[in-house]
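Fold and geometry: a report
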Amino acid sequence: MAKLIRLGAVAYAPQVVPIWEGMRDYFREVGPPLDYILFSNYDRQVQALLDRQIDIAWNTNLAWVKVHRATGGMCRALAMRDVDARFTTIVAARTNSGIASLADVRGKRLALGSADSVQAAILPVHYLQLAGIEPDRDCTVLRFDLDVGKHGDTGTSELEVLRALREGRADAGALGDATWNHQVAAGRVDPRQLRPVWTSPGYCHCNFTALADFPEDLGRRWTESLLGMRYDDPRWRELMDLEGLKRWARADPAVLAGYRVLFEAVERQGLTRQWQVSGG
């Protein structure tokens, strides 16, 4: 009998259950068989992977960095969504704020999302620092530390950033391009009031993470099966829509370079000193 792969995912929203029910059905059909375990937050999931309680973790970019550091790089990314290789962060500003670039944020009121949100806090702070601005020193910072532990997956803190901008409590705010674009498409952003003034370079988001001792042949078969999921197959389209992708992609070395900026950011901000995960 084929080995049952135990996959971990974080329950950040109600759609997580139908996503992974569908994934279990898919792998039951194409193999190798899979079952999933849900976690309340990413630190628990990361620790479960390090403790070999799960074989693969569906990790955010920050969770990937945590596993990589805890194992000294003895881990590998198996695959990701098509959208995971091209995430960006936007800094939006009120049109009457006088902010036209990242440098103009100095001396202004800046709204940031959850402390563990890469797109709405960690990378915005990093790029501001590279521009010579220390947010907590050079700005008045409004932080919305909501759903901490879920690495910004719920999007709640980013919606609060937008609310603060709309209500005039902030002059500028950081959020992921996916949230911004969705809110614009839904008509919830008035372009007379708010506009994007800066967009980050691209970076990577989620990936399926396994430890180095997970059998390579099994990881290869699992990845090939995942890449075989087709959006034009109506059995799997709803699952893929819920997860926000059109196809699964390989986590090639060239793509993985898109995590480098996050490694730099967590080091510069001293975030690793706060991490409790251990092992590997």
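In the block above lies the structure referred to throughout.
Quick look at the structure, then. No experiment lies behind these values; they were computed from the predicted model shown.

1. Quick notes on the overall build of the chain
- A count of helices and strands for the chain gives 11 helices and 11 strands.
- Rg of the C-alpha trace for the chain: 19 Å, near the compact-globule value of 19 Å for 280 residues, within the 12% margin.
- Its C-alpha atoms give the chain principal-axis dimensions of about 65 × 40 × 30 Å.
- Within the span of the chain, comprising 280 residues, buried residues form 54% of the whole.
- Residue pairs at least 24 apart in sequence account for 76% of intrachain contacts in the chain once pairs closer than 6 positions are excluded.

2. A closer look at the nonpolar core
- Counting residues in hydrophobic clusters, the biggest one holds 47 residues, and the most contacted among them are Ile-122 and Leu-123.
- Residues Val-16, Met-229, Trp-236 and Leu-239 belong to the second largest nonpolar core, which totals 29 residues.

3. Details of the packing of aromatic side chains
- Inspection of every chain in the model, using the stated rule, returns 11 aromatic pairs.
- Arranged with centres 6.1 Å apart and planes meeting at 90°, the rings of Trp-20 and Phe-208 form a pair that is edge-to-face. Here Trp-20, found in helix α1 (residues 16-30), pairs with Phe-208, found in strand β10 (residues 207-211); they are 188 residues apart in sequence, far enough to count as distant.
- Owing to a relative accessible area of 2%, Trp-20 belongs among the buried residues under this scheme.
- By relative accessible area, Phe-208 is classed as buried at 0%.

4. A look at the pattern of salt bridges
- Counted according to the given criterion, the structure contains 21 salt bridges.
- For Arg-250, the salt bridge identified is with Glu-224, shortest N-O distance 2.8 Å. Of this pair, Arg-250 sits in strand β11 (residues 248-250) while Glu-224 sits in helix α8 (residues 216-227), and the two are 26 residues apart along the sequence.
- Shared partners join several salt bridges into a network, and the residues in it are Lys-3, Arg-6 and Asp-55.

5. Some thoughts on the pairing of strand β3 (residues 56-59)
- Burial of the side chains of β3 extends over both faces: Ile-56 and Trp-58 are buried on one face and Ala-57 and Asn-59 on the other.
- Across two bridges, the pairing between strand β1 (residues 5-10) and β3 is parallel. From the neighbouring strand, Gly-8 faces β3, where its bridge partner is Ala-57.
- With four bridges joining them, β3 and β10 adopt antiparallel strand pairing. The partner of Asn-59 across the bridge, within β10, is Asn-207.

6. A short note on the packing of helix α3 (residues 61-70) against helix α11 (residues 260-268)
- Look at α3 against α11: their axes get within 10 Å of each other, and the N-to-C directions meet at 75°. One way to sum up the angle between α3 and α11 is to call them roughly perpendicular. In contact with Asn-61, Leu-62, Trp-64, Val-65, His-68 and Arg-69 of α3, α11 contributes Leu-262, Phe-263, Val-266 and Glu-267.
- Here the contact of α3 with α11 is built from residues that sort into six nonpolar, two polar and two charged.

7. Structural notes on the side chain of Asp-82
- Following the sequence through the fold, Asp-82 ends up in the loop between β4 (75-81) and β5 (89-94).
- No salt bridge is formed by the buried Asp-82; the nearest opposite charge belongs to Arg-86, separated by 4.7 Å.
- Here the side chain of Asp-82 touches Lys-246 through a polar contact of 3.1 Å, landing on its backbone nitrogen.
- Discounting residues that sit within four places of it in the chain, Asp-82 has contacts with Gly-244, Leu-245, Lys-246 and Arg-247.

8. Looking at the side chain of Asp-138
- Of note, Asp-138 is situated in helix α5 (residues 135-138).
- Engagement of the side chain of Asp-138 in a polar contact is seen with the side chain of Arg-106, the distance being 3.4 Å.

Cut-offs applied
- Residues numbered from 1 in each chain as written.
- Predicted model: local features only at pLDDT ≥ 70, side-chain atom pairs only at ≥ 80, totals over all residues.
- Heavy atoms only, no water.
- Helix = DSSP H or I, 4+ residues; strand = E, 2+ residues; numbered from the N terminus.
- Rg over C-alpha atoms; globule rule 2.2 N^0.38 Å.
- Buried < 20%, exposed > 50% of the residue type's maximum accessible area, 1.4 Å probe, protein only.
- Contact = heavy atoms within 4.5 Å.
- Core = buried A, V, L, I, M, F, W, Y, C linked by side-chain atoms within 4.5 Å.
- Phe/Tyr/Trp six-rings, centres within 6.5 Å; stacked < 30°, edge-to-face > 60°.
- Salt bridge = Lys/Arg side-chain N within 4 Å of Asp/Glu carboxyl O.
- Pairing = 2+ DSSP bridges.
- Axes fitted to C-alpha atoms, helices over the stretch in contact; angles between N-to-C directions.
- Parallel < 35°, antiparallel > 145°, perpendicular 65-115°, else oblique.
- Nonpolar A, V, L, I, M, F, W, Y, C, P; charged D, E, K, R; others polar.
- Lys, Arg positive; Asp, Glu negative; His and termini not counted.
- Polar contact = N/O pair within 3.5 Å; in protein donor to acceptor, adjacent residues only side chain to side chain.

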